[in-house]
Amino acid sequence: MNANEQRSDTAAVTQGGGHPSASVHPVVRVAAEWTWRLLVIFAGLLTLGYIVTRLDTVLIPVGLALLASALLVPLVDWLQGKGVPRSAAVLVVLIGSIGIVAGIMTFVVEQFIEGLPGLTEQFEASITQIQGWLTDGPFHFSEDQIRQAGDSVVKSIQENRQQLTSGALTTATVVGEIFTGALLTLFTLIFFLYGGSQIWEFVTRLVPSASRRRVRLAGSEGFGSLIGYVRATVAVAAADAIGIGAGLAILGVPLALPLASLVFIGAFIPIVGAFLTGFLAVLVALVTKGFLTALIVLGIIIGVMQLEAHVLQPLLLGRAVRLHPLAVVLAITTGIVLAGIVGGLLAVPIVALLNTAVRSLLSADPEATYDALEVDDPSVPLYPAEADTPPHHDDPHLENPAQTHDRRE
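Keep in mind it's a predicted model, so treat the numbers as computed, not measured.

With that settled, consider the overall build of the protein. A count of helices and strands for the protein gives 13 helices and 0 strands. Evaluated residue by residue, the protein yields a buried proportion of 27% over its 409 residues. In the protein, the proportion of contacts linking residues at least 24 apart, taken out of those at least 6 apart, comes to 67%. Here the protein has roughly 27200 Å² of accessible surface; of this, 69% comes from carbon and sulfur atoms.

Structure follows, in structure tokens:
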């Protein structure tokens, strides 16, 4: 390479103001810019997760209070519209809700206590049948082997008695934390019901004035979606509990009412909760009534879940709070990792709220966008994979493919 070629290469490298970055390939430059931005976002998510795990004692009660307020605020607003003062409406709704929940829980616990002895007897009879099947069945285990297996279980429990005792103490500590969290939830709920909109307006004063109205509107629309989600979830959970509980009662499965109550509570955690509580009902039916009854219970649960997924949820939830199943599963998994079962309970409502709020922020006309979500046919996807109409081109020189095809013919 002669001197002239070297000078031309140097000039090409330093072209664009003499900055060395001009020699970097555009693909590499774009990849680097994407990488550091993604790393910043990932660091922000890690920081947010760390804050949530450190402040879960405060954030979880606030989240539960927000969820409860979404369920009770319409009733408070209705009473206020009838002329009842806001404070009195909040008091009446809270006392009534606590009374209903306490009454249901008391009734369920009494039913569980009454049915537990019979369940224990049936469980012991099932264990005896299993032992007889193991000795007389195809495996031909000896009675000594079965007895040794039972003795090893008892010995293991005795050796780990200290760990069990410390676990009981830990349980007592957890009960104290639950009681404290319940008081904080109730205290927060009172203020959310009485002046939630004023609290939201006060918080959004931190937002620049140019975007303040838009952020407030997005928050209001997100909370509206949360109200619809909670209301529909309660209806779906009640339908699941009634259907599965009626099936258990007809089949004579013990503790049908407590199991139906567990199904109602589990239905608030989509997919995972219904599966776990349904599996518990199948297990009780298997132990107490046998394989055929357990299989029938499994069929009832599958039928109710299909009715929920294809009829109740599309009909009650609509498009305004519909989420993709992948988003639901990822949200529940993240919530359980960060905050346990309560995190899984709060994950989907929070994602539903953010789904509407973020969509409102990104829209040119937030109010029109929110109204467009509520349509008569919820089976139509929000974001279809293919456009219904061919893309529109602003360039008049681009021909319509149909015209080109006609001219070729």
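A few words on the environment of phenylalanine 191. Mapped onto the elements, phenylalanine 191 comes out in helix H6 (residues 161–203). Exposure remark for phenylalanine 191: the relative accessible area of 44% places this residue in the partly exposed category. Put simply, phenylalanine 191 and alanine 65 are 126 residues apart on the chain and 9.5 Å apart in space, counted from C-alpha to C-alpha. Sequence-distant contacts of phenylalanine 191, defined by excluding residues within four places in its chain, comprise Gly196 and Ile199.

What follows is about the pattern of salt bridges. One pass over the full model with this rule turns up 1 salt bridge. Between aspartate 77 and arginine 86 there is a salt bridge whose closest N-O contact spans 2.5 Å. Aspartate 77 gets classed as partly exposed once you look at its relative accessible area, which sits at 36%. By relative accessible area, which is 17% here, arginine 86 ends up buried.

Attention now goes to the UniProt feature "transmembrane region" (unreviewed entry) in the protein. Here, UniProt's "transmembrane region" (unreviewed entry) annotation points to residues 34–52, 58–76, 88–109, 178–203, 223–253, 259–283, 290–307 and 327–354. Note that residues 34–52 is 100% helix and 0% strand, and that its end C-alpha atoms are spaced 27 Å apart. Structurally, residues 223–253 is divided into 94% helix and 0% strand, and its ends, taken at the C-alpha atoms, are 41 Å apart.

So, on to the confidence of the model for the protein. Looking at the protein as a whole, the pLDDT averages 75, with 66% of positions reaching at least 70. Every residue in residues 12–17 scores below 50 in pLDDT, and together they form 5 contacts with partners more than four places removed in sequence or on other chains. Every residue in residues 372–409 scores below 50 in pLDDT, and together they form 22 contacts with partners more than four places removed in sequence or on other chains.

Among all residues except glycine, the phi angle is most often negative; among peptide bonds, the trans geometry is most common. The phi torsion at leucine 255 lies on the positive side, around 60°, for a residue other than glycine. Among the structural elements, leucine 255 can be located in the loop between helix H7 (209–251) and helix H8 (256–266). Residue leucine 255 is classed as buried on the basis of its relative accessible area, which comes to 12%.

Nonpolar side chains collect at one region of the surface, where Leu262, Ile265, Phe279, Leu280, Leu283, Leu286, Phe291, Leu292, Leu295, Ile296, Leu298 and Ile302 lie side by side and expose about 1100 Å² of accessible area between them. Listing elements by their share of the nonpolar patch, those giving two or more residues are H8, helix H9 (272–289) and helix H10 (291–317). Looking at which element gives the most residues to the nonpolar patch, the answer is H10, with 6 residues. Within the secondary structure, leucine 292 is located in helix H10.

Attention now goes to the packing of aromatic side chains. Counted according to the given criterion, the structure contains 2 aromatic pairs. Ring geometry for phenylalanine 187 against phenylalanine 191: centres 5.0 Å apart, planes inclined by 65°, an arrangement best described as edge-to-face. In this pair, phenylalanine 187 and phenylalanine 191 are both assigned in helix H6, 4 residues apart and thus about one turn of the helix distant. Ring geometry for phenylalanine 264 and phenylalanine 268: centres 5.4 Å apart, planes at 80°, overall edge-to-face. Classification of phenylalanine 264 by relative accessible area gives partly exposed; the value is 29%.

In the contact formed by helix H3 (residues 56–81) and H7, the axes pass within 9 Å of each other and the chain directions differ by 85°. The orientation of H3 with respect to H7, classified from their angle, is roughly perpendicular. Residues Leu66, Leu67, Ser69, Ala70, Leu71, Val73 and Pro74 of H3 touch H7, and the partners they reach there are Phe223, Leu226, Ile227, Val230, Arg231 and Val234. Here the residues of the contact of H3 with H7 sort into 11 nonpolar, 1 polar and 1 charged.

Now for the side chain of arginine 359. Structurally, arginine 359 can be placed in helix H11 (residues 325–362). Of the buried charged residues, arginine 359 lacks a salt bridge, with glutamate 221 as the closest side chain of opposite charge at 9.0 Å. In this structure the side chain of arginine 359 is engaged in a polar contact, spanning 2.9 Å, whose partner is the side chain of asparagine 355.

So, about H11. Over its 38 residues, H11 runs only 23 Å from end to end, short of the ideal 56 Å by more than 12%, given 1.5 Å per residue. At alanine 339, H11 shows its maximal kink, close to 145°.

The next point concerns the nonpolar core. Ile244, Leu248, Val253, Leu259, Ala281, Val297 and Ile301 are the most contacted members of the largest nonpolar core, which has 14 residues in total. Looking at this core, the elements with two or more residues in it are H7, H8, H9 and H10. Grouped together as the second largest cluster of nonpolar side chains are 12 residues, Val328, Ile332, Leu346 and Val348 included.

Quick notes on the rules
- Residues numbered from 1 in each chain as written.
- Predicted model: local features only at pLDDT ≥ 70, side-chain atom pairs only at ≥ 80, totals over all residues.
- Heavy atoms only, no water.
- Helix = DSSP H or I, 4+ residues; strand = E, 2+ residues; numbered from the N terminus.
- Buried < 20%, exposed > 50% of the residue type's maximum accessible area, 1.4 Å probe, protein only.
- Contact = heavy atoms within 4.5 Å.
- Areas by Shrake-Rupley, 256 points an atom, 1.4 Å probe, with all protein chains shown as cover.
- Salt bridge = Lys/Arg side-chain N within 4 Å of Asp/Glu carboxyl O.
- UniProt positions renumbered as here; feature names shortened; annotations may be inferred.
- pLDDT = per-residue confidence, 0-100.
- Patch = residues over 30% accessible without salt bridge, like charges linked within 9 Å, V, L, I, M, F, W, Y side chains within 5 Å.
- Phe/Tyr/Trp six-rings, centres within 6.5 Å; stacked < 30°, edge-to-face > 60°.
- Axes fitted to C-alpha atoms, helices over the stretch in contact; angles between N-to-C directions.
- Parallel < 35°, antiparallel > 145°, perpendicular 65-115°, else oblique.
- Nonpolar A, V, L, I, M, F, W, Y, C, P; charged D, E, K, R; others polar.
- Lys, Arg positive; Asp, Glu negative; His and termini not counted.
- Polar contact = N/O pair within 3.5 Å; in protein donor to acceptor, adjacent residues only side chain to side chain.
- Expected span 1.5 Å × (residues − 1).
- Bend = angle between axes of the 7 residues up to and from the residue.
- Core = buried A, V, L, I, M, F, W, Y, C linked by side-chain atoms within 4.5 Å.

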